[in-house]
Amino acid sequence: MNKISTKLAASFIISFLIMDTLLMVYLHQTITHARVEEELDRLLKTGSNHRNVLEDNYNETTLQHILLMESGGERDVAILDDSGNVLQDSSKNDDVLNSYLKQITREHSTEDRIIPVDWKESPYLVSVHPYRVEGNSGNLVMLQSTAPIRQLVSQLNIHFLLAGGGSIVILFVVYLVLSKWLTRPLIRMKEATEQISEGYYDVDLPDLSNDELGELATAIRRLSNDLSRVKRERNEFLASVSHEMGTPLTYLIGYAKVAKRSGLNDAERADYLSIIEEEAGRLKTLVKNLMDLAQMDEMTFTVTKSEFSAAGFIRDIVQLVQPAFDMKGITLQIEPIDDFTLNADQMRLEQIILNLLDNALHYSESGTSVIVRAFQDKKQAVVQVEDQGCGISADNQQKVFEKLYRIEKSRSRSFGGAGLGLSIVKELTEAHGGTIAVQSEPGKGSLFTIRL
């Protein structure tokens, strides 16, 4: 199995070795070239000095003096006449000088020059210095041994090979350190994700530095917490749905058995059948709301916006629910609306307001009033539903929009609802790109405000 540490180390080592090799080749060539240039420059200067001395005082003593100065060293000197004959020579190997004589005599130059040679193959670097004095002319030839250059190159090769080998050893050590330093947290994260996949969300990850690994560890911890919360909420949701559906089903089965008794009169049977009908309606509404929430969670529903009159829209909704409020003795009124155009999904917005009005109807007592408002606030359309019901405590005001959350924990039939209405309202409002907020005080009622 290819591990990320191996891939990382291989990439790092190969890249470093390529760079190191290129750098060493460059340094090797630069140092060698600089040394050759240095030797050639020194050879030209020395030869030029000897030639100047020879021209200032041309005699046998001067010739011997020049030979004496270059004897026993790494340089040799030869003095030729204009025909190429050797007048004086410090070299003990005439064959070396003879190999250059033809080229020197063939090229009659009036300036100092270097004879091109391959220092890797040739035993000498050669410079030629023409002289002319008292009717005598010729060339002073300087020969510089290439052995020091080859020795330098040989030493460079050894040092660079040692440096390359040392680099490989250091890189291997760095690889071991980096692989442990980098892969240890990655292995911990891999183990943590395996625990999460098996359903164990309480993972323990170390606090890493503020880099990509630290961000990844933070993301895994956040994912673990989110999955734990989702699992907890799912279990609570399923338990709540089971309870909500179980209650009307229990009533349906119980009252259906009672209604089947032979000793009941028509009035009693009709009462029981009415209860069965009511509970069937509650169950139907619960299933519909659950389907709506499922569509919202999966984003399979659509919001198709259109423009319509706010005043006419609110008036039609109030007219639709007015009988239910009249039956309970609750006054439902509309505050005067300065008509404006709403841009929303008319069917979805109607569902939002109907849910709010249904909520107000269930939690308000006879003799109270419910007010519906619609107005414009700058560029926002605002719809409000205000009741004088039992109100909501500060602790519960944000929780009422959660799925299946109910302030009245006993879930008695007298309070109706399954804790889904306000959750649907919130989802639909946000699908419009809007917001919903509640202001409430226990015993004094609630004000729900939608901004689109």
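Read on for an overview of the structure. (Residues numbered from 1 in each chain as written. Predicted model: local features only at pLDDT ≥ 70, side-chain atom pairs only at ≥ 80, totals over all residues. Heavy atoms only, no water.)

As for the overall build of the chain
Then, in step 1: Per the secondary structure count, the chain includes 9 helices and 12 strands.
Then, in step 2: The buried share among the 452 residues of the chain stands at 39%.
Then, in step 3: For the chain, long-range pairs separated by at least 24 residues make up 65% of all intrachain contacts whose partners lie at least 6 apart in sequence.
Then, in step 4: Accessible surface, the chain as shown: approximately 27000 Å² in total, 54% of it carbon and sulfur. (Helix = DSSP H or I, 4+ residues; strand = E, 2+ residues; numbered from the N terminus. Buried < 20%, exposed > 50% of the residue type's maximum accessible area, 1.4 Å probe, protein only. Contact = heavy atoms within 4.5 Å. Areas by Shrake-Rupley, 256 points an atom, 1.4 Å probe, with all protein chains shown as cover.)

So, the side chain of Thr449
Then, in step 1: Note on placement: Thr449 falls in strand β12 (residues 445-451).
Then, in step 2: Residue class for Thr449 comes out buried when judged on its relative accessible area of 11%.
Then, in step 3: Among the polar contacts listed, one links the side chain of Thr449 to the side chain of Gln384, at a separation of 3.1 Å.
Then, in step 4: Once residues lying within four places of it in the same chain are set aside, the contact partners of Thr449 are Val382, Val383, Gln384, Thr435, Ile436 and Ala437. (Polar contact = N/O pair within 3.5 Å; in protein donor to acceptor, adjacent residues only side chain to side chain.)

A closer look at the sheet that holds strand β10 (residues 380-386)
Then, in step 1: In space, the 5 strands of this open sheet follow the order β7-β9-β10-β12-β11, with mixed pairing throughout. Because the sheet does not close on itself, it has two edges, and the strands there are β7 (331-334) and β11 (435-441). Each strand of the sheet is rotated relative to its neighbour by a mean of 15°, with strand direction disregarded.
Then, in step 2: Relative to strand β9 (residues 369-377), β7 is paired through 4 bridges, and the arrangement is parallel. Bridge pairing links Leu332 to Val370 in β9.
Then, in step 3: In this fold helix α7 (residues 310-328) packs onto β7, β9 and β10, with an angle of close to 170° to the strand it touches most, β7. (Pairing = 2+ DSSP bridges. Axes fitted to C-alpha atoms, helices over the stretch in contact; angles between N-to-C directions.)

Regarding the packing of α7 against helix α8 (residues 346-362)
Then, in step 1: Axis separation between α7 and α8 bottoms out at 11 Å; the angle between their running directions is 25°. Considering their axes alone, α7 and α8 lie roughly parallel with respect to each other. Relative to α8, the crossing made by α7 is right-handed. On α8, the residues that touch Phe313, Ile314, Ile317, Leu320, Val321, Ala324, Phe325 and Lys328 of α7 are Gln346, Leu349, Glu350, Ile353, Leu354, Leu357, Leu361 and His362.
Then, in step 2: In terms of residue class, the contact of α7 with α8 is built from 12 nonpolar, 2 polar and 2 charged. (Parallel < 35°, antiparallel > 145°, perpendicular 65-115°, else oblique. Left-handed = near helix turned anticlockwise from the far one by under 90°. Nonpolar A, V, L, I, M, F, W, Y, C, P; charged D, E, K, R; others polar.)

A look at unusual backbone geometry
Then, in step 1: Backbone geometry places Lys378, a non-glycine residue, at a positive phi of 60°.
Then, in step 2: The exposed category is assigned to Lys378, whose relative accessible area is 81%.

With respect to the environment of Ser137
Then, in step 1: By the element assignment, Ser137 lies in strand β5 (residues 136-145).
Then, in step 2: The spatial distance from the C-alpha of Ser137 to the C-alpha of Ser83 is 9.1 Å, given a sequence separation of 54 residues.
Then, in step 3: Apart from residues no more than four positions distant in its own chain, Ser137 is found in contact with Leu80, Asp81, Asp82, Tyr131 and Arg132.

Things to note about the sheet that holds β5
Then, in step 1: The 5 strands are arranged β2-β1-β5-β4-β3 in an open sheet whose pairing can be described as antiparallel. At either end of the open sheet lies a strand with only one pairing partner, and these are β2 (86-89) and β3 (113-115). If you compare each strand with its neighbour and ignore which way they point, the axes differ by 25° on average.
Then, in step 2: For strand β1 (residues 75-81) and β2, the ladder comprises 3 bridges, and the chain directions are antiparallel. Of the residues in β2, the one forming a bridge with Ala78 is Asp89.
Then, in step 3: Contacts from helix α2 (residues 60-70) reach β1, β2 and β5, with the element oriented near 155° to β1.

Describing the packing of aromatic side chains
Then, in step 1: Tallying each qualifying case throughout the model produces 2 aromatic pairs.
Then, in step 2: For the pair Tyr58 and Tyr131, a centre-to-centre distance of 6.0 Å together with 25° between the ring planes defines the contact as stacked. Remark: Tyr131 occurs in strand β4 (residues 124-133) and Tyr58 occurs in the loop between α1 (4-56) and α2; sequence separation between them is 73 residues.
Then, in step 3: Owing to a relative accessible area of 19%, Tyr58 belongs among the buried residues under this scheme.
Then, in step 4: A ring pair is formed by Phe308 and Phe313, whose centres lie 5.1 Å apart and whose planes are at 55°; its orientation type is tilted. With respect to class, Phe308 is no different from Phe313; both count as buried. (Phe/Tyr/Trp six-rings, centres within 6.5 Å; stacked < 30°, edge-to-face > 60°.)

Any functional reading would require information beyond the geometric quantities listed.
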